[in-house]
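# Structural description and commentary
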Amino acid sequence: MFDIIIREAASRFGLGDKAGPLVQMLLAFITNKDSGGLSGFMSKLTSSGMGGMAQSWLGGGAGAQQVNNSQVESLFGGNGGLLGMITSKLGLGGSTVTAALGYLLPMVIGKLTPGGTVPTSLPNEVMGFITSGKSLLAGGAAAMGNAAGSAATRVADVGVSTGKAAGGGLMKWLPWVGAAIAALFLLNYCSKSGVEEANKAAAAAKATADAAAATAKSAADATAKAAADALAATKATAEAAAKAVAEAIPLGSGAIGGMFQGAPSIKVYFDTGKSEVATEFADKSKDLVDYLKANASAKAIVSGFNDPTGNAAANAELSKKRAQGVAAALKAAGVADDRVVLEKPADTTAGASQGNAEARRVEVTIRK
């Protein structure tokens, strides 16, 4: 039921095999019976001033409004709530998890409300899928409550454990130290030559103890360095994933094909203040056009967006011109006039939280 959503999230945010557990944890959180289930979560959205946005998600569809990063953090408790659990449990960067949840939430709610209303109970198929998410949440909550919950704490733990290791290493040399002390006592009972031999024995014991301490310290230093290197590698991986998501958005004119609600979709990007459709549109839109030709009842929903800078009236006109340009390109590709619908989004600046380049776009989705 959620396979397409998982694949889209994995591809869009570079989640790999962690996309499935992330969706399961999100589902378990918003359907948790202890907080009122799905109905309780929808009520929370309304009390947070997001009731209108939540209504646009019911039943799915192209009219679903997007969630920005601030709203995601407000809903899911920042680093101390679901965001922190997912970040800790799956080893993902905080910015990647925030963006992924904002993208997934409208789609998941749409899947859970196929008739456009919140159901009183969920199908067995959904409940079975959520079970693993509940286990992950339970483990994540426990992890957030102890020192092993973060990479920084793990480094601290390494310091403690290496200290113990050093102590343990020195303990095994205590017999040698004891032998040296015993040798010193013998000095009072030995002849001159015996004293000389005892001094040699004491010096050997001291050298052995010093070597043991040096070995333990070297091992502790090596372990601490390995832990620091592992933490740096984890941070670099998270930063690389976030950079890959950002670089996927063209800085100017361009087009990106994808999937939305199980059907082909396309995002067309524009240069600042321009409305000319990117030249690669014809190639990137081929799957969407072929789908429309093969499904006579489907329509192409065209929605224009703009960045929030500049004059609002001029931006609205520019969004409209961009949407009209994309509609004309679809018709030129063989899509009938009555199959192309221009639809103004509720928020024409949606997506600006990911940068103005993302906001300067036209989205084309399929309405079945």
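All chains use their own residue numbering, which begins from 1 and follows the written sequence. For a predicted model such as this one, the threshold for reporting local features is a pLDDT of at least 70, and the threshold for listing and counting side-chain atom pairs is 80 or more; totals across whole chains, interfaces and linings nevertheless cover every residue. Just so you know, side-chain values use all the structure's heavy atoms and leave hydrogens and water out.

### Regarding the overall build of the chain
What the chain contains, in helices and strands, is 15 helices and five strands. We call a residue buried when its accessible area falls under 20% of the maximum for its residue type, exposed when it is over 50%, and partly exposed in between, using a 1.4 Å probe and counting protein chains only. Each of the 368 residues in the chain was classed as buried or not, and the buried ones make up 39%. Whether two residues are in contact is decided by their heavy atoms: any pair within 4.5 Å suffices. Contacts in the chain between residues far apart in sequence, at least 24 positions, make up 71% of those at least 6 positions apart. Approximately 18,600 Å² of the chain is accessible, and the part contributed by carbon and sulfur atoms is 58%. Secondary structure elements are defined from DSSP: runs of H or I of at least 4 residues count as helices, runs of E of at least 2 residues count as strands, and each element is numbered from the N terminus. Per-residue accessibility takes into account occlusion by the displayed protein chains alone, with areas from the Shrake-Rupley method and a 1.4 Å probe.

### Here we look at the confidence of the model for the chain
Within the chain, residue pLDDT values average 81, and 80% of them lie at 70 or more. Residue range residues 143–167 is modelled with pLDDT below 50. Its contacts to residues more than four positions away, or to other chains, number 23 contacts. Values of pLDDT, which run from 0 to 100, indicate the predictor's confidence residue by residue.

### Regarding the packing of helix 6 (residues 82–90) against helix 7 (residues 94–112)
Two elements in contact, helix 6 and helix 7, have axes whose closest approach is 10 Å; the angle formed by their N-to-C orientations is 120°. The orientation of helix 6 relative to helix 7 falls into the category oblique. Note that helix 6 runs across helix 7; the crossing there is right-handed. Along the contact surface, helix 6 presents Leu 83, Ile 86 and Thr 87, while helix 7 presents Gly 94, Val 97, Thr 98 and Leu 101. A per-class count over the contact of helix 6 with helix 7 returns four nonpolar, three polar and no charged. Axes, fitted as lines to C-alpha atoms, cover a helix only where it is in contact. Angles between the N-to-C directions of the axes lie from 0 to 180 degrees. Just so you know how the angles are binned, under 35 degrees is roughly parallel, over 145 roughly antiparallel, 65 to 115 roughly perpendicular, and the rest oblique. Handedness of a helix crossing follows the sense of rotation of the near helix relative to the far helix, less than a right angle counterclockwise being left-handed and clockwise being right-handed. In the scheme used here, Gly and all other residues not listed as nonpolar or charged are polar, with Ala, Val, Leu, Ile, Met, Phe, Trp, Tyr, Cys and Pro taken as nonpolar and Asp, Glu, Lys and Arg as charged.

### Here we look at the nonpolar core
If you look at the biggest cluster of nonpolar residues, it comprises 49 residues, and the most contacted ones within it are Leu 22, Leu 26, Trp 57, Phe 76, Leu 101, Ile 109 and Leu 112. If you list the elements that add at least two residues to this core, you get helix 1 (3–13), helix 2 (19–30), helix 3 (37–47), helix 4 (51–57), helix 5 (69–76), helix 6, helix 7 and helix 8 (124–144). In contact with Leu 101, other than residues within four places in its own chain, are Leu 22, Leu 26, Val 72, Phe 76, Leu 83 and Ile 86. Take the buried residues of types Ala, Val, Leu, Ile, Met, Phe, Trp, Tyr and Cys, join any two whose side-chain atoms come within 4.5 Å, and each joined set is a nonpolar core. Within the second largest apolar cluster, 23 residues are counted, among which are Phe 281, Leu 292, Val 302 and Ala 327.

### Quick word on helix 3
For helix 3, the set of buried residues is Gly 37, Leu 38, Phe 41, Met 42 and Leu 45. Looking at the packing, one finds that the buried side of helix 3 touches helix 2, helix 4, helix 5 and helix 7. Phi turns positive, to about 80°, at Gly 49, one or two residues after helix 3.

### As for the pattern of salt bridges
For this document, the term salt bridge refers to a Lys or Arg side-chain nitrogen within 4 Å of an Asp or Glu carboxyl oxygen. For the coordinates displayed, the defined rule picks out ten salt bridges. Arg 360 is the partner of Asp 307 in a salt bridge, and the nearest nitrogen-oxygen pair spans 3.4 Å. Residue Asp 307 is located in the loop between strand 3 (299–304) and helix 14 (312–332), and its partner Arg 360 is located in the loop between helix 15 (356–359) and strand 5 (361–367); the two are separated by 53 residues in the primary sequence. Here Arg 361 and Glu 363 are joined by a salt bridge, their closest N and O atoms 2.9 Å apart. Taking the relative accessible area as the measure of exposure, Arg 361 reaches 0% and is therefore buried. The structure contains a network of salt bridges with shared partners spanning Lys 267, Glu 358, Arg 361 and Glu 363.

### Remarks on helix 13 (residues 286–294)
For helix 13, the set of buried residues is Leu 288, Val 289, Tyr 291 and Leu 292. Looking straight down helix 13, one finds its buried side chains confined to an arc of 160°; they lie on one side. In this structure, helix 13 carries Asp 287, Lys 293 and Ala 294 as exposed residues pointing more than 90 degrees from its buried face. Contacts from the buried residues of helix 13 go to strand 2 (263–269), strand 3, helix 14 and strand 5. This arc is taken over the directions from the axis of the helix to the C-beta atoms.

### Quick notes on the packing of aromatic side chains
Two aromatic rings from Phe, Tyr or Trp, using only the six-membered ring of Trp, form a pair when their centres are within 6.5 Å; if the ring planes differ by under 30 degrees the pair is stacked, by over 60 it is edge-to-face, and anything between is tilted. Counted by the stated rule, this structure contains four aromatic pairs. Relative to Tyr 103, the ring of Phe 13 has its centre 5.5 Å away and its plane inclined at 65°; by these criteria the two rings are edge-to-face. Taken as a pair, Phe 13 in helix 1 and Tyr 103 in helix 7 lie far apart in primary sequence, 90 residues in all. Comparing Phe 13 with Tyr 103 shows no difference in burial state: the two are buried. Each ring is checked for a lysine NZ or an arginine CZ that lies within 6 Å of its centre and within 35 degrees of its normal; such an atom marks a charge sitting over the ring. Geometry around Phe 305 places Arg 361 over its ring, the cationic atom sitting 4.0 Å from the centre.

### Observations regarding unusual backbone geometry
Peptide bonds are mostly trans, and most non-glycine residues show a negative phi. For Gln 261, which is not glycine, the phi torsion reads 55° and is therefore positive. Note on placement: Gln 261 falls in the loop between strand 1 (254–260) and strand 2. Since its relative accessible area comes to 23%, Gln 261 is described here as partly exposed.

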